[in-house]
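Take a look at the letters that make up each chain.
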Amino acid sequence: MPIKKVMVIGAGQMGSGIAQVCAQSGYEVLLNDVNEDALKKGMQHIENRLTRSVDKERIREQEKNGALARLKSTTDMQNVKGCDMTIEAIVENMDVKANVFRQLDKYAPEHAILATNTSSLPITEIAAMTNRAEQVIGMHFMNPVPVMKLVEVIRGLQTSDATHEAVADMAKNLSKTAVEVNDYPGFAANRILMPMINEAIFALHEGVASVEDIDTVMKLGMNHPMGPLTLADFIGLDTCLYIMEVLHDGFGDSKYRPCPLLRKYVNAGWYGKKSGRGFYQYN
């Protein structure tokens, strides 16, 4: 059955971005969040981004209005009954995700695909929370979703070929490039990226160089558009720590141990840009 209507669970930065690109690509979209204020903010952020795109002549006013017309919001997850697919984009916590997937399995139509935007948690374990494990898959978008072209499509042990093909086709319809990834801790993107960020934090921790100089080395020496410590601040240091812990626990290899300075910053509430302070200070 073709995917026509999608529910996105979570109205934060990732969820609202996913909802936006789906609506712009012609899908009927329900954006869901249990927090009504977060839902309103998510919807407003989508409209603001679309308005900026019109102002910069990236899209026409007609395209903006069409996307907004296809986008609705709801705090009731039971409204998933009319959807062909769900994309969960909530906090990186297995217990919370498991609860959501049990509810989705209960309320979603039998044919519906249940996708997760997790950046590191095992798809196989999430799928086992449902009675349709073959229809559960990872769909890891990059941030910011409307801009970044990559989507990691992660197959769990139980994921069917039909589910993978449907999601890969959808990614193409969203003007994204899908890469097929198997279900290992951190998948491909974060298994490569996070140890690099963690090593940059170790370099700072050991006094090898300053924050600014470490970032400059990677920007000018390796041609990265953003230094690793700036990137960590944008991702969120709490998220970086969580992913490093997933890698460390999953592989049992000391090379993935989180840097003590990263843990100290998170314990201090210095999460990066979203808290106003990380390796840099933000107004």
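The residue numbering used here restarts from 1 in each chain and proceeds along that chain's sequence as written. Local features are withheld for residues below a pLDDT of 70 in this predicted model, meaning they are given only at 70 or higher, and side-chain atom pairs are given and counted only at 80 or more; totals for whole chains, interfaces and linings count all residues. As a rule here, side-chain values cover all heavy atoms of the structure and leave hydrogens and water aside.

- The protein chain appears in an unreviewed UniProt entry as 3-hydroxybutyryl-CoA dehydrogenase from Lentibacillus kapialis.
- Quoted verbatim from the Pathway (unreviewed entry) heading of the UniProt record, the comment on the protein chain is "Lipid metabolism; butanoate metabolism." UniProt positions are given in the numbering used here, feature names are shortened, and annotations may be inferred rather than shown by experiment.

1. Some points on the overall build of the protein chain
Part 1: Think of it this way: any DSSP run of H or I at least four residues long counts as a helix, any run of E at least two long counts as a strand, and we number them from the N terminus. Each helix and strand in the protein chain was counted, giving 11 helices and eight strands.
Part 2: Both definitions apply: the radius of gyration is a C-alpha atom measure, and the globule rule equals 2.2 Å times residues to the power 0.38. On C-alpha atoms alone, the protein chain measures out to a radius of gyration of 19 Å, which is about the 19 Å that the 2.2 N^0.38 rule sets for 283 residues.
Part 3: Here the C-alpha coordinates of the protein chain stretch approximately 55 × 45 × 30 Å along the principal axes.
Part 4: Put simply, 68% of the contacts in the protein chain that link residues at least 6 apart link residues at least 24 apart.
Part 5: Residue exposure ignores everything except the shown protein chains as possible cover, and the areas themselves are Shrake-Rupley values with a 1.4 Å probe. By element, 49% of the accessible surface of the protein chain is carried by carbon and sulfur atoms, the whole surface being about 13900 Å². For this analysis, residues touch if any pair of their heavy atoms sits within 4.5 Å.

2. Observations concerning the UniProt feature "binding site: NAD(+)" (unreviewed entry) in the protein chain
Part 1: Per the UniProt annotation, the sites labelled "binding site: NAD(+)" (unreviewed entry) are Gly10, Ala11, Gly12, Gln13, Met14, Gly15, Asp33, Glu92, Lys97, Ser119, Asn143 and Lys274.
Part 2: Mapping Gln13 onto the fold places it in helix 1 (residues 13–24).
Part 3: Mapped onto the elements, Ser119 comes out in the loop between strand 5 (113–116) and helix 5 (123–127).
Part 4: For every residue, the accessible area (1.4 Å probe, protein chains only) is compared with the maximum for its type, and the residue is labelled buried under 20%, exposed over 50%, or partly exposed between those bounds. We classify Ser119 as buried; its relative accessible area is 10%.
Part 5: Discounting chain neighbours no more than four positions away, the residues touching Ser119 are Glu92, His140, Gly186, Phe187, Asn190 and Ile243.
Part 6: What qualifies as a polar contact is a pair of N or O atoms within 3.5 Å, subject to a donor-acceptor requirement within protein and to the restriction that residues adjacent in sequence count only when both atoms come from side chains. Here Glu92 takes part through its side chain, which lies 3.1 Å from a polar atom of the side chain of Ser119.

3. Section: the nonpolar core
Part 1: Grouping buried Ala, Val, Leu, Ile, Met, Phe, Trp, Tyr and Cys residues that are joined through side-chain atoms within 4.5 Å yields what is termed a nonpolar core. Counting 35 residues, the largest nonpolar core has Met85, Ile87, Met139, Phe141 and Met170 as its most contacted members.
Part 2: With near-sequence residues (within four places) excluded, Ile87 lies in contact with Val6, Met7, Val8, Ile9, Ile18, Cys22, Ala115, Met139, Phe141 and Met170.

4. Quick notes on the UniProt feature "domain: 3-hydroxyacyl-CoA dehydrogenase NAD binding" (unreviewed entry) in the protein chain
Part 1: UniProt marks residues 5–183 with the feature "domain: 3-hydroxyacyl-CoA dehydrogenase NAD binding" (unreviewed entry), using the numbering shown here.
Part 2: Within the segment residues 5–183, helix and strand shares are 41% and 22% respectively, and the terminal C-alpha atoms sit 27 Å apart.

5. Details of the side chain of Asn32
Part 1: Structurally, the position occupied by Asn32 is in strand 2 (residues 28–32).
Part 2: Leaving out residues up to four positions away in the same chain, Asn32 has contacts with Met7, Val8, Ile9, Gly10, Ala11, Leu39, Thr74, Thr75, Asp76 and Met77.

6. Some remarks on helix 8 (residues 211–221)
Part 1: Within helix 8, the full set of buried residues consists of Val211, Ile214, Asp215 and Met218. Relative to the axis of helix 8, the buried residues are bounded by an arc of 95° and lie together on one face. Projecting away from the buried face of helix 8 at angles above 90 degrees are the exposed residues Leu220 and Gly221.
Part 2: Elements that come into contact with the buried residues of helix 8 comprise helix 7 (189–205) and helix 9 (228–235).
Part 3: Following helix 8 by one or two positions, Asn223 adopts a phi angle in the positive range, close to 60°. The arc refers to the directions leading from the helix axis to the C-beta atoms.

7. Structural notes on the packing of aromatic side chains
Part 1: Only Phe, Tyr and Trp rings take part, Trp by its six-membered ring, and two of them pair if their centres are within 6.5 Å. Stacked means planes under 30 degrees apart, edge-to-face means over 60, and tilted covers everything else. Scanning the model with the defined rule gives four aromatic pairs in all.
Part 2: Whether a charge lies above a ring is judged from NZ of Lys or CZ of Arg, which has to be within 6 Å of the ring centre and within 35 degrees of the ring normal. Of note, Arg277 hangs over the ring of Trp270, and the distance from its end group to the ring centre comes to 3.7 Å.

8. Brief notes about the pairing of strand 5
Part 1: Taking every second residue as pointing to the same face, both faces of strand 5 are buried, with Ile113 and Ala115 on one and Leu114 and Thr116 on the other.
Part 2: The rule for pairing is simple: two strands pair if DSSP sees at least two bridges between them. Sheet topology note: the strand 4 (residues 85–88)/strand 5 ladder contains four bridges and is parallel. Bridging across to strand 5, Ile87 finds its partner in Ala115.
Part 3: Every crossover in which the path from the first strand over the helix to the second runs clockwise, viewed with the strands pointing away from the viewer, is termed right-handed. Taken together, strand 4, helix 4 (residues 94–107) and strand 5 form a β-α-β motif whose crossover is right-handed.
Part 4: The sheet contact formed by strand 5 and strand 6 (residues 136–141) spans three bridges and is parallel. Among the inter-strand pairings, Leu114 is bridged to a residue of strand 6, identified as Val136.

9. Regarding the packing of helix 9 against helix 10 (residues 237–251)
The relative placement of two packed helices comes down to the angle between their axes together with the axis-to-axis distance.
Part 1: In this analysis an axis means a line fitted to C-alpha atoms, helices contributing only their contacting stretch, and an angle means the value between N-to-C directions, from 0 to 180 degrees. Their axes nearest at 6 Å, the elements helix 9 and helix 10 cross at an angle of 100°. With respect to each other, helix 9 and helix 10 are oriented roughly perpendicular. Across the interface between the two elements, Ala232, Asp233 and Ile235 of helix 9 pack against Leu237, Thr239 and Cys240 of helix 10.
Part 2: Gly is put with the polar residues, along with every residue not named as nonpolar or charged; the nonpolar set is Ala, Val, Leu, Ile, Met, Phe, Trp, Tyr, Cys and Pro, and the charged set is Asp, Glu, Lys and Arg. Split by residue class, the contact of helix 9 with helix 10 holds four nonpolar, one polar and one charged. Working rule for angles: under 35 degrees goes down as roughly parallel, over 145 as roughly antiparallel, 65 to 115 as roughly perpendicular, anything else as oblique.

10. Quick notes on the pattern of salt bridges
Part 1: The term salt bridge refers to a side-chain nitrogen of Lys or Arg lying within 4 Å of a carboxyl oxygen of Asp or Glu. Here the structure, examined in full by the defined rule, presents nine salt bridges.
Part 2: Across the salt bridge formed by Glu92 and Lys97, the nearest N and O atoms sit 3.4 Å from each other. With respect to class, Glu92 is no different from Lys97; both count as buried.
Part 3: Across the salt bridge formed by Glu245 and Arg263, the nearest N and O atoms sit 2.8 Å from each other. Taken as a pair, Glu245 in helix 10 and Arg263 in helix 11 (residues 260–267) lie far apart in primary sequence, 18 residues in all.
Part 4: Residue Arg263 is classed as partly exposed on the basis of its relative accessible area of 33%.
Part 5: Residues joined by salt bridges that share partners form a network here, namely Glu88, Glu92 and Lys97.

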